[in-house]
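Residues per chain are reported as follows:
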Amino acid sequence: MLVSLYAQLTRRMDSVFEAYLGPDSILAGAMVNAVGSGEPEDIPKRNTDVWLLGKRYNAIQELDVIRRDIESRLWCTYRHGFVPLGEVQLTSDKGWGCMLRCGQMVLAQALIELHLGRDWFWTRDCRDATYLKIVQRFEDTRKSYYSLHQIALMGESQNKAVGEWLGPNTVAQILKILVRFDEWSSLLVHVAMDSTVVLDDIFERCQQPAEAWQPLLLIVPLRLGITDINPIYIPALKRCLELSSSCGMIGGRPNQALYFLGYVDDEVLYLDPHTTQRAGAVGQKTTQAEQELDESYHQRYAARLSFSAMDPSLAVCFLCKTRKQFDELLQQLRQEVLNLSTPSLFEISQSRAVDWDTADDIEWPTMPDIDWPGSNTSDSESFAVLGECGSGDVDSKPSAPI
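Here the structure is a predicted model, which is why all the values come from computation and not from measurement.

Student: Which parts of the structure should I look at to understand the overall build of the protein?
Tutor: Secondary structure assignment for the protein yields 11 helices and 16 strands. Look at the contacts in the protein between residues 6 or more apart in sequence, and 70% of them connect residues 24 or more apart. For the protein, the computed accessible surface area is about 17,500 Å², with 50% contributed by carbon and sulfur atoms.

Printed below as a string of structure tokens:
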């Protein structure tokens, strides 16, 4: 019975996905302009500004640099052929994992900027140890810190079944938990609840001890309309993408999650996770297969979407590596973002009301099927997901690439 249900679910997912990829699909439509030119018209060929994660480029004069910048972001997509996941033993996230992949992309961008810098560019022959360490954290294995397995199984602690579509807020809450077990990342994720950034909560967590500052990925989930995005918020969203601390936005169009990383004129630029690629390991990029896997994490061309077509449920994200950068972000938000709309995009408050419950107040259910690394675990030693779905999920060794 369970197998039959899974088969029906898979066929439905496949039909939806094939409609997306078919000859009349959204993706195919984006390639129409490529005929004759040899490449998609991802960036309009006119003299205008292009903003990409806090950097401004000229669409004509700096087109190659724009594409190199886009290609240097980690592109997380659907995968197939990974270790079976959940009760129904899913081996692909095609059709349900797009928001999880967008969460991976914003976290990967934070780690790349934190450990490699905003001016770092990826190349096909890159074997930088820090870069490889970041990529390996997102591989679809039981032992990767931010794999689909870890995110999906942690989602069960928030009453989200494996294979169920998640929203931006849920994904942000999961990432907030997962980074606590990755000492190397040196990153702290704070999710601003109820569209309010509470400064006391951030300082309490980021300044331990008081004179230190732990790098902060600030995620602010928002609801900017009922069924459509309210146009009064578009100028503020644009300004968020212009800030040097921008890590993009987790959002999408209705029923399709996308990672927004910039904009040009009245269109937002995004990386689309709706492409299915094989799962595997990048390793040290010493073999042809590992090199090809690494290349599968990079996409040279972004896509464009009108701001008005965005789903109203999204999350804006910012990286503050130092206390000074956080103070600068606060000043920019107050003076350049929050005054662009009424009501404002979100609020900034010094403290929270006494009766206000936040995610920090919630006692999350324990996850008995995840063996988190201990403090004595070296960085090279990953941790394993220990399944409750059968003996096939229990494995003390890394999964071989499929």
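Student: How should the packing of helix 6 (residues 148-155) against helix 7 (residues 168-178) be read in this particular structure?
Tutor: Each pair of packed helices can be described by the angle between their axes along with the distance between the axes. Between helix 6 and helix 7, the shortest axis-to-axis distance is 10 Å and the interhelical angle comes to 110°. One finds that helix 6 runs roughly perpendicular with respect to helix 7. In the crossing of helix 6 with helix 7, the sense of the turn from one axis to the other is right-handed. Touching Gln 150, Ile 151, Met 154 and Gly 155 of helix 6 are Ile 174, Leu 175, Ile 177 and Leu 178, all from helix 7. Tallied by class, the residues present in the contact of helix 6 with helix 7 amount to six nonpolar, two polar and no charged.

Student: Explain the packing of helix 4 (residues 98-115) against helix 6 to me, please; I cannot follow it from the model alone.
Tutor: Between helix 4 and helix 6, whose axes approach to 10 Å, the crossing angle comes to 120°. You can see that helix 4 and helix 6 cross each other, and the crossing is right-handed. Contacts between helix 4 and helix 6 involve Leu 100, Arg 101 and Gln 104 from the former and Leu 148, Ile 151 and Ala 152 from the latter. Classifying every residue of the contact of helix 4 with helix 6 by side-chain character gives four nonpolar, one polar and one charged.

Student: Would you mind showing me how to read the environment of Ala 192 here?
Tutor: Relative to the elements of secondary structure, Ala 192 occurs in the loop between strand 5 (188-191) and strand 6 (196-198). Taking the C-alpha atoms as reference points, Ala 192 and Ala 172, separated by 20 residues in sequence, lie 9.7 Å from one another. Ala 192 has contacts with Val 197, Ile 219, Val 220 and Pro 221, leaving out every residue within four places of it along the chain.

Student: Teacher, can you tell me more about helix 3 (residues 63-71) here?
Tutor: Along helix 3, the residues classified as buried are Leu 63, Ile 66, Arg 67, Asp 69, Ile 70 and Glu 71. Looking at the packing, one finds that the buried side of helix 3 touches strand 1 (49-52), strand 2 (55-58) and strand 10 (267-271).

Student: What exactly am I supposed to notice about unusual backbone geometry here?
Tutor: With glycine set apart, most residues show a phi of negative sign, and most peptide bonds adopt trans. Each neighbour pair has its own omega, and for Thr 342 with Pro 343 the value is 0°, a cis peptide bond. Structurally, the position occupied by Pro 343 is in the loop between helix 11 (323-337) and strand 14 (347-349). Positive phi values are uncommon outside glycine, yet Gln 89 reaches one of about 55°. Secondary-structure assignment places Gln 89 in the loop between strand 3 (78-85) and strand 4 (90-92).

Student: Teacher, can you tell me more about the sheet that holds strand 11 (residues 276-278) here?
Tutor: Backbone-to-backbone hydrogen bonds pair the strands of a sheet. The strands run either parallel or antiparallel. With mixed pairing, the three strands of this open sheet are ordered in space as 4-3-11. Strands with a single pairing partner mark the edges of an open sheet, and in this sheet they are strand 4 and strand 11. The sheet shows a mean angle of 40° between the axes of neighbouring strands, direction not considered. Across three bridges, the pairing between strand 3 and strand 11 is parallel. Looking at strand 11, one finds that Tyr 78 is bridged to Thr 276.

Student: Please explain the pattern of salt bridges as it appears in this structure.
Tutor: Pairing is possible between side chains of opposite charge, provided their charged atoms come close. By the definition in use, this model includes 20 salt bridges. Residue Asp 265 is joined to Arg 46 by a salt bridge in which the shortest nitrogen-to-oxygen separation is 2.7 Å. On the criterion of sequence distance, the pair formed by Asp 265 in the loop between strand 9 (256-264) and strand 10 and Arg 46 in the loop between helix 2 (26-30) and strand 1 is long-range, its members being 219 residues apart. Arg 124 is paired through a salt bridge with Glu 71; the nearest N and O atoms lie 3.3 Å apart. With Arg 124 in the loop between helix 4 and helix 5 (129-136) and Glu 71 in helix 3, this residue pair connects regions lying 53 residues apart in the sequence. Judged by relative accessible area, Glu 71 falls into the buried class, the value being 7%. Each of Asp 64, Glu 71, Arg 124 and Arg 300 takes part in salt bridges that share partners, so that together they form one network.

Student: Just checking my understanding: could you explain the state of the cysteines for this structure?
Tutor: Disulfide: a covalent bond connecting the sulfur atoms of a pair of cysteines. Applying the stated rule across the entire model yields zero disulfides. Free cysteine Cys 76: the closest other cysteine sulfur is in Cys 102, separated by 8.9 Å.

Student: Would you explain the side chain of Thr 170 in this entry?
Tutor: Looking at the secondary structure, you find Thr 170 in helix 7. Aside from chain neighbours lying at most four places away, what touches Thr 170 is Gln 158 and Lys 160.

Student: Honestly, the packing of aromatic side chains in this entry has me stumped. Any pointers?
Tutor: Within a pair of aromatic rings, the relevant descriptors are the distance that separates the centres and the angle that separates the planes. Taken as a whole and judged by the stated rule, the model has seven aromatic pairs. With a centroid separation of 5.8 Å and an interplanar angle of 90°, the aromatic rings of Phe 203 and Phe 326 are classed as edge-to-face. With Phe 203 in helix 8 (residues 199-206) and Phe 326 in helix 11, this pair connects stretches of sequence that are 123 residues apart. A relative accessible area of 18% means that Phe 203 is categorised as buried. When its relative accessible area of 0% is taken as the criterion, Phe 326 is described as buried.

Student: When you look at the pairing of strand 1 in this model, what are you seeing that I'm missing?
Tutor: Across a regular strand the side chains alternate sides, sitting on one face of the sheet and then on the other. Taken together, the four bridges between strand 1 and strand 2 define a ladder with antiparallel strand orientation. The residue bridging Leu 52 from the neighbouring strand is Lys 55, located in strand 2. In sequence, strand 1 turns back onto strand 2 through a hairpin of two residues, with Leu 53 there showing a positive phi of about 45°. Direction of pairing for strand 1 relative to strand 9: antiparallel, over a ladder of three bridges.

The rules behind each value
- All residue numbers refer to positions counted from 1 along the written sequence of the respective chain.
- Residue-level local features of this predicted model are given only where pLDDT is at least 70; pairs of side-chain atoms are given and counted only at 80 or more, and the full residue set underlies all totals for whole chains, interfaces and linings.
- Side-chain descriptors were evaluated using all non-hydrogen atoms of the structure, hydrogens and water having been removed beforehand.
- By the criteria applied, helices consist of DSSP H or I runs no shorter than four residues and strands consist of E runs no shorter than two, each listed in order from the N terminus.
- Throughout, a contact is declared for two residues whenever any of their heavy atoms are within 4.5 Å.
- The Shrake-Rupley method, run with a 1.4 Å probe sphere, supplies the accessible areas, and residue values consider only the shown protein chains as cover.
- For helices, the fitted line uses only the C-alpha atoms of the stretch in contact; every axis is such a line through C-alpha atoms, and the angle between N-to-C directions lies from 0 to 180 degrees.
- Here the word oblique covers every angle except those under 35 degrees (roughly parallel), over 145 (roughly antiparallel) and from 65 to 115 (roughly perpendicular).
- Take the far helix as your reference; a near helix turned counterclockwise from it by less than a right angle gives a left-handed crossing, and one turned clockwise gives a right-handed crossing.
- Each residue is assigned to one class: nonpolar for Ala, Val, Leu, Ile, Met, Phe, Trp, Tyr, Cys and Pro, charged for Asp, Glu, Lys and Arg, and polar for all the others, Gly among them.
- With a 1.4 Å probe rolled over the protein chains alone, any residue whose accessible area is under 20% of its type maximum counts as buried; one over 50% counts as exposed, and the rest are partly exposed.
- In this scheme, strands are said to pair when DSSP sees at least two bridges between them.
- Here, a salt bridge means any Lys or Arg side-chain nitrogen found within 4 Å of an Asp or Glu carboxyl oxygen.
- Sulfur atoms of two cysteines make up a disulfide when they are within 2.5 Å.
- Pairing of aromatic side chains here covers Phe, Tyr and the six-membered ring of Trp, requires ring centres within 6.5 Å, and sorts the geometry by plane angle: under 30 degrees stacked, over 60 edge-to-face, intermediate tilted.

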